[in-house]
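Each chain is listed here by its residues.
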Amino acid sequence: MTPVTRSAAVKRRAAAIGFSATGIAPLEANPHAPELERWLAAGYAGTMTYLHRQAEKRKDPRRIMPEARVAVVTLTNYFHGSASTAPVSGKVAQYAWSSDYHEVLGERLEQLAEAIRGVAPGAATRCYVDAGPVPERELAERAGLGWIGKNMMLIHPEIGSYTFIGVVLTDAQLAADLPFEADRCGTCSRCLDACPTGAFAAPHELDARRCISYLTIEHRGKFRAEQTDALSEWVFGCDVCQDVCPWNVSFARSTADPRFAAREEVAVPDLDAVVEMDEAEFDRRYGDTPFKRPGAVGMRRNAAAVLRHPR
Ligand code: B12
Ligand code: SF4
Ligand code: SF4
């Protein structure tokens, strides 16, 4: 097999496993390392101190796995339709409406890694999804899967941005794709204008400390009054800067993947019940969902903040 036929076989297998799109990027120094440095120096990472610790590897992903030559990058569509959840109960970002994607995609990436070893016997492989020091959006762009929009999302021209990114790093000899070089945002600035908290300091420059997603998922401890207000009706994550993007309005299609079927108690949680929930009940109900990141303490805080917000 040649590197080209090996790559084609890996992509066919990826489609059969259920990935929406797959591309292959050569592992090279990150051309946007200076932007990452500036972003961190500005303090935009807030308390996500792991991003500082991982910076050297994000700036040069060859340091993550020195023998690796390429990243096999996958997108998985999780869109559930344009309707947001009923604000009466608090909104949840669509990526969290089903069981934890880390587990579903972790299993699928392992199957893909097995397929890579099938076409390149003895190859080393390592799988990542939203974990580890992997610059996932950067690699997806270099694998030809789309461009990084002004809202910092990786946007696929036929699928939109409601996608998870999953990566397999490998030393297998696979032919790489061309990077996606076009910037299809043009003069549009809808995402920047629509952000309810004004979290974008500039295009491609998100001050995470002001982002509802950060506040509801990553922030630990109590909210200050202005943070409580910032949440508005969002109890977990936020989709505003994706909802308004014309590429999603035109191209995003609902997923039919049964592993990402929406679960009502996650998509439309009963906030009064969440506020009252003890750890055991929270684990029983939400232990296998993305809510486990902020945990019972964080979700009780978020729910209380949304309930305080006048509707
Ligand atoms: C930390 C983090 C967050 C933080 C910070 C977000 C941010 N914008 O950086 C918070 C908690 C706020 C967050 C929120 C969300 N996140 Co998040 N997050 C991450 C994580 C773990 C690291 C991202 C990171 O390193 N940020 C630092 C910035 C500086 O780096 P970067 O995002 O890679 O950006 C690069 C480019 O923007 C480029 N760049 C900089 N300037 C310029 C200029 C131009 C012109 C260009 C082209 C590029 C460019 O350089 C940067 C550094 O390489 C990744 C997973 C991962 N391992 O990468 C998921 C990830 C980015 N998140 C994801 C998701 C789904 C979300 C949310 C949509 C969830 C939600 N609905 O609430 C929101 C979206 C908010 C937004 N508009 O970005 C997905 C994105 C999928 C996609 N299609 O893009 C990822 C990839 C996880 C995954 N595996 O699916 N997230
Ligand atoms: S996720 Fe929401 S709060 Fe965060 S940048 Fe996008 S629109 Fe703003
Ligand atoms: S809303 Fe407009 S500017 Fe923002 S990411 Fe989409 S196309 Fe780009």
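Residues numbered from 1 in each chain as written. Chains lettered and ligands numbered in written order. Predicted model: local features only at pLDDT ≥ 70, side-chain atom pairs only at ≥ 80, totals over all residues. Heavy atoms only, no water.

*Asks:* Tell me about the overall build of the protein chain, and name the residues and values.
*Replies:* Tallying secondary structure elements over the protein chain gives 15 helices and 10 strands in all. In terms of C-alpha radius of gyration, the protein chain reaches 20 Å, essentially the compact-globule figure of 19 Å for 311 residues. Dimensions along the principal axes, computed over C-alpha positions, put the protein chain at roughly 60 × 40 × 40 Å. Put simply, 76% of the contacts in the protein chain that link residues at least 6 apart link residues at least 24 apart. Accessible area of the protein chain: about 14,000 Å², with a carbon and sulfur share of 52%. A gap of 3 Å separates the mean positions of the 37 positive and 40 negative side-chain charges of the protein chain. (Helix = DSSP H or I, 4+ residues; strand = E, 2+ residues; numbered from the N terminus. Rg over C-alpha atoms; globule rule 2.2 N^0.38 Å. Contact = heavy atoms within 4.5 Å. Areas by Shrake-Rupley, 256 points an atom, 1.4 Å probe, with all protein chains shown as cover. Lys, Arg positive; Asp, Glu negative; His and termini not counted. Charge placed at Lys NZ, Arg CZ, Asp CG, Glu CD.)

*Asks:* So what about the sheet that holds strand β1 (residues 21-26)? Which residues, and what values?
*Replies:* Strand order in the open sheet formed by four strands is β1-β2-β7-β4, with antiparallel pairing between adjacent strands. Looking at which strands have only one partner, the edges of the open sheet turn out to be β1 and β4 (125-128). Strand-to-strand twist in this sheet, taken as the mean axis angle between neighbours without regard to direction, amounts to 20°. In terms of strand pairing, β1 meets strand β2 (residues 70-77) through six bridges, oriented antiparallel. Each residue of the ladder has a partner; that of G23, found in β2, is V73. Sheet strands touched by helix α1 (residues 3-17): β1 and β2. Its angle to β1, the strand with the most contacts, is close to 145°. Contacting β2, β4 and β7 (163-170), helix α5 (residues 101-119) runs over the sheet at an angle of about 35° to β7. (Pairing = 2+ DSSP bridges. Axes fitted to C-alpha atoms, helices over the stretch in contact; angles between N-to-C directions.)

*Asks:* I'd like a rundown of the domain arrangement of the protein chain, residues and numbers included.
*Replies:* Its domain assignment divides the protein chain into domain 1 (3-170) and domain 2 (190-241 + 262-308). Measuring from the centre of the C-alpha atoms in domain 1 to the corresponding centre in domain 2 gives 23 Å. Each partner contributes residues to the interface: domain 1 has 31 residues there, and domain 2 has 36 residues. For the pair domain 1 and domain 2, the two sides together bury roughly 2,800 Å², of which 59% comes from carbon and sulfur. Per-residue buried area on domain 1 facing domain 2 is highest for Y44, K91 and K150; these three make up 23% of the total on that side. The tally of links between domain 1 and domain 2 comes to three salt bridges. One salt bridge in this structure joins D100 and K292, with 3.2 Å as the shortest N-O distance. At the junction of domain 1 with domain 2, the criterion picks out 19 residue pairs in polar contact (both at pLDDT 80 or more). (Domains from an automatic or database assignment. Buried area = accessible area lost by both parts, 1.4 Å probe. Salt bridge = Lys/Arg side-chain N within 4 Å of Asp/Glu carboxyl O. Polar contact = N/O pair within 3.5 Å; in protein donor to acceptor, adjacent residues only side chain to side chain.)

*Asks:* Can you tell me about the environment of P121, naming the residues and giving the values?
*Replies:* Considering the arrangement of structural elements, one finds P121 in the loop between α5 and β4. Along the backbone, P121 and A172 are 51 residues apart, and their C-alpha atoms lie at a distance of 8.5 Å.

*Asks:* I'd like a description of the site of ligand 3, backed by residues and values.
*Replies:* Taken together, the neighbourhood of ligand 3 is formed by G149, K150, N151, I155, C185, C188, R190, C191, C245, P246 and W247. Broken down by class, the residue content of the shell around ligand 3 amounts to seven nonpolar, two polar and two charged. (Near = heavy atom within 4 Å. Nonpolar A, V, L, I, M, F, W, Y, C, P; charged D, E, K, R; others polar.)

*Asks:* Tell me about the packing of aromatic side chains, residues and numbers included.
*Replies:* Applying the stated criterion to the full structure yields 15 aromatic pairs. Residues Y95 and F236 carry aromatic rings whose centres are separated by 6.1 Å and whose planes lie at 35° to one another, so their mutual orientation is tilted. Note that Y95 is positioned in the loop between β3 (91-92) and α5 and F236 in strand β10 (residues 234-236), a separation of 141 residues in sequence. Take Y95: its relative accessible area is 18%, and that puts it in the buried class. Members of the aromatic cluster, joined through ring pairs, are Y78, F79, Y95, Y101, Y162, F164, F236, F260, F282, Y286 and F291. (Phe/Tyr/Trp six-rings, centres within 6.5 Å; stacked < 30°, edge-to-face > 60°. Buried < 20%, exposed > 50% of the residue type's maximum accessible area, 1.4 Å probe, protein only.)

*Asks:* So, the packing of α1 against α5: which residues are in play, and what are the values?
*Replies:* With their axes 10 Å apart at the nearest point, α1 and α5 run at an angle of 155° to one another. Of the possible angle classes, the one that applies to α1 and α5 is roughly antiparallel. Classified by chirality, the crossing of α5 by α1 is right-handed. Where α1 abuts α5, its residues R6, A9, V10, R13, A14 and I17 lie against R108, Q111, L112, A115, I116 and V119. (Parallel < 35°, antiparallel > 145°, perpendicular 65-115°, else oblique. Left-handed = near helix turned anticlockwise from the far one by under 90°.)

*Asks:* Tell me what's going on with the side chain of K150, and back it up with residues and numbers.
*Replies:* As for its placement among the helices and strands, K150 is situated in the loop between β5 (147-148) and β6 (154-155). Buried charge without a salt bridge: K150, with D183 as the nearest opposite-charge side chain at an N-O distance of 6.3 Å. A distance of 2.9 Å separates a polar atom in the side chain of K150 from the backbone oxygen of G186. Engagement of the side chain of K150 in a polar contact is seen with the backbone oxygen of C188, the distance being 2.7 Å. Apart from residues lying up to four places away in sequence, K150 is in contact with C185, G186, T187, C188, C191, L192, F200, P203 and H204.

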